[in-house]
Amino acid sequence: MSDNPLRLGVNIDHVATVRNARGGPHPDPVRAALAAEAAGADGITAHLREDRRHIRDADMFAIKQAISLPLNFEMAATSEMIDIALDVKPNAACIVPERREEVTTEGGLAVAGREAQLAPLFARILDAGIRLSLFIEASEVEIRAAAAMGADIVELHTGRYCHDAAGRADELVRIRQAAALADSLGLECHAGHGLDFDTVGPIAAIPQMHELNIGHFLMGEAMFRGIEPAIGEMRRHMLAARAS
Ligand code: PXP
């Protein structure tokens, strides 16, 4: 059993996906953020993509204004996004790789080997007092590179663990080892992507894990049972795994 409390960050991007399907204001991602807060979320995550396919600039400002929880602003490592983040002033900026043609964030950020390109961008975030989180694969090289770049947090990509049933056991070992290494280097360890009620347990049970960021499954489940029960059920799975 871990002493380390495990936070649940709720990603509300897909409320904006549904809103944008019709071009009007409904359903409002700010309302979803407030509902998640009322349901016991520990943080709100939103991704302002370069193509604005779901969350838009004004959403980010409105969410930050409305919530009392920490805001995790997901974004690509571009000057444009960092300018916006510096205005929004989130608790953390989570840097993700982004390709326009992808359906979702398909892999971790390549940090190792790109230090010279990334350092000035990261410095702007850190100098503004915003926590720097890097969304990376569970790889020793990437974790060591993240630590060397002064990141506060690494968020481990759980996409392969969730979607490749045959490789899941091996990927879980890699994620466990990565979490232990990150912790030993002083990095706060988070994880996310693709987690659902069936896959969350083994990730939640990793003692060095501090936060899970979950969006698509939770919002889909909320359509059937509501945001509050969906978050409550996810939290029960997380707590049960932690207690075991
Ligand atoms: N963490 C990061 C960095 C992500 O990019 C995403 C997807 O936007 C998530 C967590 C949440 O993934 P999902 O929506 O599959 O739960």
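Scroll up for the structure.
Residues numbered from 1 in each chain as written. Predicted model: local features only at pLDDT ≥ 70, side-chain atom pairs only at ≥ 80, totals over all residues. Heavy atoms only, no water.

Enquirer: Help me understand the side chain of glutamate 188, please; the structure alone is not making it clear to me.
Expert: Counting through the fold element by element, glutamate 188 comes out in strand E7 (residues 188–192). Classification of glutamate 188 as buried rests on a relative accessible area of 15%. A polar contact is formed between the side chain of glutamate 188 and the side chain of arginine 131, at a distance of 3.0 Å. (Helix = DSSP H or I, 4+ residues; strand = E, 2+ residues; numbered from the N terminus. Buried < 20%, exposed > 50% of the residue type's maximum accessible area, 1.4 Å probe, protein only. Polar contact = N/O pair within 3.5 Å; in protein donor to acceptor, adjacent residues only side chain to side chain.)

Enquirer: Any chance you could explain the pairing of strand E3 (residues 71–75) here in plain terms?
Expert: Moving residue by residue along a regular strand, the side chains alternate between the two faces of the sheet. Most of E3 sits inside the fold, with 5 of its 5 residues counted as buried. Here E3 shows two buried faces, one formed by Leu71, Phe73 and Met75 and the other by Asn72 and Glu74. In the sheet, strand E2 (residues 43–47) pairs with E3 via 4 bridges, with the strands oriented parallel. Residue pairing for E3: threonine 45 is matched across the bridge by asparagine 72. Both E3 and strand E4 (residues 92–95) contribute to a ladder of 4 bridges, which runs parallel. Bridge assignment links glutamate 74 to a residue of E4, and that residue is cysteine 94. Running through helix H4 (residues 79–88), the crossover from E3 to the neighbouring parallel element E4 is right-handed. (Pairing = 2+ DSSP bridges. Right-handed = clockwise from strand over helix to strand, strands pointing away.)

Enquirer: Please explain the packing of helix H10 (residues 216–225) against helix H11 (residues 227–243) as it appears in this structure.
Expert: Between H10 and H11, whose axes approach to 7 Å, the crossing angle comes to 125 degrees. Judged by the inter-axis angle, H10 sits oblique to H11. Crossing handedness for the pair H10 and H11: right-handed. On the side of H10, the interface is formed by Phe217, Leu218, Met219, Glu221, Ala222 and Arg225, while H11 contributes Ile227, Pro229, Ala230, Ile231, Glu233 and Met234. Considering only residue class, the contact of H10 with H11 consists of 9 nonpolar, no polar and 3 charged. (Axes fitted to C-alpha atoms, helices over the stretch in contact; angles between N-to-C directions. Parallel < 35°, antiparallel > 145°, perpendicular 65-115°, else oblique. Left-handed = near helix turned anticlockwise from the far one by under 90°. Contact = heavy atoms within 4.5 Å. Nonpolar A, V, L, I, M, F, W, Y, C, P; charged D, E, K, R; others polar.)

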